[in-house]
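# Observations on the model geometry
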Amino acid sequence: MTMSAETPPRGANPAPSRGSAAAKPHARGNHIPLVLYDNYARALREFAPLHADKPVGLYTCGPTVYDYQHIGNYRTFLFEDLLKRVLGWNGYDVLHVMNVTDVGHLTSDADTGEDKMEKGSRRTGKTAWNIAALYTEAFVDDLRALNVIEPDVMPRATAHIPEQIAFIADLEAKGYAYRTSDGIYFDTSRQPDYGYLARLDRAGLDAGRRVDLGEKRNATDFALWKFSPPDAERQMEWDSPWGVGFPGWHIECSAMAERYLGDWFDIHCGGEDHIPVHHTNEIAQTEARSGTRLANFWMHGYFLLEGDAKMAKSAGEFLRLKALVDRGYDPLAYRYLCLTGHYRSQLNFTWDALDAAATGLARMRTAFHALPADASVAPDEGFVARFSAAINDDLNAPRALAIAWEALRGDLAPAVKRATLARFDDVFGFALSTWQPAQEAIPGEVETLARARAAARKAKQWADADRLRGELQNAGYDVEDKPDGYALKRREK
Ligand code: AMP
Ligand code: ZN
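So, about the coordination of the zinc ion (ligand 2). Taken together, C61 (SG), C253 (SG), H278 (NE2) and E282 (OE) make up the full set of protein donors to the zinc ion (ligand 2), lying 2.0 to 2.7 Å away. Sequence spacing of the donor residues for the zinc ion (ligand 2), all on one chain, is C-x191-C-x24-H-x3-E. Of the two residues, C253 is situated in helix α6 (residues 249–261) and H278 in helix α7 (residues 275–290); the sequence distance between them amounts to 25 residues. Comparing C253 with H278 shows no difference in burial state: the two are buried.

Attention now goes to the domain arrangement of the protein. Annotation of the protein at the domain level lists domain 1 (35–301), domain 2 (321–434) and domain 3 (444–490). Relative to domain 2, the C-alpha centre of domain 1 lies at a distance of 33 Å. Counting residues at the interface gives 26 residues for domain 1, matched by 33 residues for domain 2. Summing both partners gives a buried area of about 2500 Å² for domain 1 against domain 2, and 64% of it is carried by carbon and sulfur. Ranking the residues of domain 1 by area buried against domain 2 places I71, R75 and W89 at the top, with a combined share of 33%. R335 is paired through a salt bridge with D81; the nearest N and O atoms lie 2.6 Å apart. Applying the counting criterion to the domain 1 and domain 2 interface returns 14 residue pairs in polar contact (both at pLDDT 80 or more).

Relative to strand β15 (residues 485–490), strand β14 (residues 477–482) is paired through 6 bridges, and the arrangement is antiparallel. Among the inter-strand pairings, D478 is bridged to a residue of β15, identified as K489. If you look at the hairpin formed by β14 and β15, you'll find 2 residues sitting between the two strands.

A few words on the environment of M236. Residue position: M236 is located in the loop between β7 (222–227) and β8 (245–247). The buried category is assigned to M236, whose relative accessible area is 0%. Sequence separation of M236 and P398 is 162 residues, and the distance between their C-alpha atoms is 44 Å. Once you skip the residues sitting within four places of it in the chain, M236 turns out to touch D102, V103, M117, E118, A128, W129, T158 and F246.

Rules used in this analysis
- Residues numbered from 1 in each chain as written.
- Chains lettered and ligands numbered in written order.
- Predicted model: local features only at pLDDT ≥ 70, side-chain atom pairs only at ≥ 80, totals over all residues.
- Heavy atoms only, no water.
- Donors = N, O, S within 2.8 Å, 3.2 Å for Na, K, Ca; no water.
- Helix = DSSP H or I, 4+ residues; strand = E, 2+ residues; numbered from the N terminus.
- Buried < 20%, exposed > 50% of the residue type's maximum accessible area, 1.4 Å probe, protein only.
- Domains from an automatic or database assignment.
- Contact = heavy atoms within 4.5 Å.
- Buried area = accessible area lost by both parts, 1.4 Å probe.
- Salt bridge = Lys/Arg side-chain N within 4 Å of Asp/Glu carboxyl O.
- Polar contact = N/O pair within 3.5 Å; in protein donor to acceptor, adjacent residues only side chain to side chain.
- Pairing = 2+ DSSP bridges.

Quick look at the structure:
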């Protein structure tokens, strides 16, 4: 593997290297280094926490709550959950912050068009504040159904307006902001290495877009604060030193990340679409204010496609998790499907692939359930070491799944198999230990026979009771008497 352990190269404005790079002793004691792909360096780098005395700081860009999330969005949230679980596997505590974008994300990433929240409000006939609450709740419900470990903090953009205003005021004081007739913009020409994350060709972009710059000085400049339109009232707007309006989309993440994790923390994640604009601009803002590139690692989940096209809410019809559940799939079958692909490859969604994942999950659950639990038995060390090597190699979940199957199918003692799989499930998140086979519904006439038999026994009418037991057996059920009643069990065929 090619790996760069160094802080990645920078242009004329190198981010200071701060903090200690010493890894805390790994709880699992496997000593297999955790290597992650850092999109900023465009290289695999060995992970070491920046602050030995603090949890690993993880910031993941959260949902824009103008509509339900689609299963593509959940692919990114599942990748981030995998990362968090792998950090846990390596003995790290994690402080996870995920923002909720409830204002400022415009229909075009280029700061034109309408605020998605105001548009969602028109679509639904509800207020922007109501839809924010509704879709945030639906999002959290889906995360739970997918067994995603909930973030420690989920700050809302609208609840952090003062922090964003203070941030913009600081950028203005440092000479990075300028005013146009519709807002306050960030002057990207002030940063020689603006766009390094995405390896943007700025000269090319400027040349190509010169005609539609409007009042912007450079094609890549972006809004920090937008003024409310003079002719229409917005539902979400605030006073500011520059006039009534609302924050741009990127400033919320720089400001809230700084508030909860500081301006130099371990890992920042999002979907691959965030590389050229959103994350590029978060870095620009924080670099201008604090001189850091915000996070030591920048990691991105690659897209879920449908019929080889990007799955997007703006495309109108989109697949929600509920659509899968309505068709009878367990949400964790979707988790299994996501783990069959590496997070740095795009994944094409098909119902056949989901069927295969559902079958894989059902087989794993049934096999696990049949194994005897013995708390005194430890996981198999050889398999644990191979599993660690797979997941610590930039979260290679497909390989980890293959190793789990090898352990299940191999000749380990049954209780060791169970202990090994239970340990792996800390990373997979299939909730194997709590799964139970679905109880088959007992037909009404069988219940009637069983109740009649219980009544006959109570009245000491033994002949009737025996006859009814025979009828139950003919119907395919054994009855077992218990101190507090009886239990029915389907007869083995
Ligand atoms: P949004 O609600 O649009 O702000 O997106 C929430 C998260 O989903 C972001 O991290 C996006 O990058 C990510 N995302 C959007 N579309 C997809 C997709 N088709 N596949 C995977 N992730 C996506
Ligand atoms: Zn963000």
